[in-house]
Amino acid sequence: MERIWRVVLPALLLCVILTGCGGNTANGPGEQQNAPEQEEKKEYAPGERTDTSYSSEWIGLRYALSDDMVMATEEELNEMMDLGAEALLDGDGGSKLVDYAKLTTVYEMMAVDLTDQSNIIICAEKLALSGVTEKQYLEAVQTQMEDVYSGYTVTYGDITERELCGMAFSEMSYLVDYGGASLYQTYLVRKLDGRMYGIVLSYSDEARLEALLEGFSAY
């Protein structure tokens, strides 16, 4: 498990540090006032999971786990969001109290491949300012990663665009050198109705990226 969390933890930190980063990045010259919404407004709802799949009507994606992947449970995802059992359930009726649409950051899915510890995390963040662009968001990621990976060598690629199941995502990849051991991470983001939908892929072999992405299909 130690090897698994060595790969997963940086991706979790990545999602955590982005909470509220929209307020820090919306002050770029001339961009915050002019960035339009990409899509017509939809009411946010987190994706649904089974042991082997994930689906989100809100964003329009599905993900099918490979045979070697294991899905994180709802309890494990809630723990990542620091939601204790007392916050999730009514003490009398046991009904769910949390309105995920009101949370700033929601971890919708995490799955780990047990053969090589590659993993995928899907999260959605409510932006502090609606004008934040995908490019500004990823630039904020890069800036704050300098603190997360302090002491390690990080090589960033350019921010590009990737089509995934017919949708355009902004993409940034980077390589972290842990003194001889390499960790690749790719962050895909798509802005929708005041939220940033993020897909974080972590892998130790560069060739694994395309294999991880093959699990996606249109909803």
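Every value quoted in this text rests on a predicted model; they were computed, and no experiment measured them.

1. Some details on the overall build of the protein chain
Assigned secondary structure in the protein chain consists of six helices and twelve strands. A total of 219 residues make up the protein chain; the buried ones form 46% of that total. Here the protein chain displays about 11100 Å² of accessible surface, and carbon together with sulfur accounts for 47% of that area.

2. Focus on the packing of aromatic side chains
Enumeration over the complete set of coordinates arrives at five aromatic pairs. When the ring of Tyr63 is compared with that of Phe216, the centres are 4.6 Å apart and the planes differ by 65°; the resulting orientation is edge-to-face. Taken together, the residues Tyr63 in strand S3 (residues 61–64) and Phe216 in strand S12 (residues 216–218) connect sequence positions 153 residues apart. The class of Tyr63 is buried, set by a relative accessible area of 3%.

3. Things to note about the pairing of strand S6 (residues 119–126)
With seven of its eight residues buried, S6 lies for the most part within the structure. With seven bridges joining them, strand S5 (residues 105–113) and S6 adopt antiparallel strand pairing. Considered in S6, the bridge of Tyr107 is made with Cys123. Remark: five residues form the turn of the hairpin made by S5 and S6, two consecutive strands paired antiparallel; Gln117 in that turn has positive phi of roughly 65°. Pairing geometry for S6 and strand S11 (residues 195–203), over eight bridges, is antiparallel. For Lys126, the partnering residue across the bridge sits in S11 and is Arg195.

4. Concerning the environment of Glu108
Within the secondary structure, Glu108 sits in strand S5. Separated by 13 residues in the primary sequence, Glu108 and Ile121 place their C-alpha atoms 7.7 Å from one another. For Glu108, the side chain forms a polar contact with the side chain of Tyr54, separated by 2.5 Å.

5. Remarks on the side chain of Gln185
Structurally, the position occupied by Gln185 is in strand S10 (residues 182–192). By relative accessible area, which is 0% here, Gln185 ends up buried. Within the structure, the side chain of Gln185 is placed 2.7 Å from the side chain of Ser202, a separation counted as a polar contact.

6. A word on the pairing of S10
In regular strands, side chains alternate between the two faces of the sheet. Here S10 lies mainly inside the structure; ten of its eleven residues are buried. Of the pairings in the sheet, the one linking strand S9 (residues 167–177) to S10 comprises eight bridges and is antiparallel in character. Bridge pairing in S10 links Val176 to Leu183. The hairpin turn running from S9 into S10, its antiparallel successor, is four residues long, and Gly179 in that turn takes a positive phi close to 70°.

7. So, the confidence of the model for the protein chain
The predicted model of the protein chain averages 80 in pLDDT, with 72% of residues at 70 or higher. Here residues 19–39 is a poorly scored stretch, pLDDT under 50, and it has 39 contacts once near neighbours within four places are set aside; other chains count. Counted against residues more than four places away or in other chains, residues 83–94, with its pLDDT under 50, gives 19 contacts.

8. Concerning the sheet that holds strand S1 (residues 48–49)
The antiparallel open sheet is built from four strands, whose spatial order is S1-S2-S3-S12. In this open sheet, the two strands that pair with only one neighbour each are S1 and S12. Examined bridge by bridge, S1 and strand S2 (residues 53–56) share two bridges and lie antiparallel to one another. Looking at the pairing, Arg49 lines up with Tyr54 of S2.

9. What about unusual backbone geometry?
A positive phi angle, near 65°, is found at Gln117, a position not held by glycine. By the secondary structure assignment, Gln117 is in the loop between S5 and S6. Judged by relative accessible area, Gln117 falls into the buried class, the value being 7%. The backbone of Asp193 shows a phi angle near 50°, a positive value even though the residue is not glycine. By secondary structure assignment, the location of Asp193 is in the loop between S10 and S11. By relative accessible area, Asp193 is classed as partly exposed at 22%.

Conventions we followed
- Residues numbered from 1 in each chain as written.
- Predicted model: local features only at pLDDT ≥ 70, side-chain atom pairs only at ≥ 80, totals over all residues.
- Heavy atoms only, no water.
- Helix = DSSP H or I, 4+ residues; strand = E, 2+ residues; numbered from the N terminus.
- Buried < 20%, exposed > 50% of the residue type's maximum accessible area, 1.4 Å probe, protein only.
- Areas by Shrake-Rupley, 256 points an atom, 1.4 Å probe, with all protein chains shown as cover.
- Phe/Tyr/Trp six-rings, centres within 6.5 Å; stacked < 30°, edge-to-face > 60°.
- Pairing = 2+ DSSP bridges.
- Polar contact = N/O pair within 3.5 Å; in protein donor to acceptor, adjacent residues only side chain to side chain.
- pLDDT = per-residue confidence, 0-100.
- Contact = heavy atoms within 4.5 Å.

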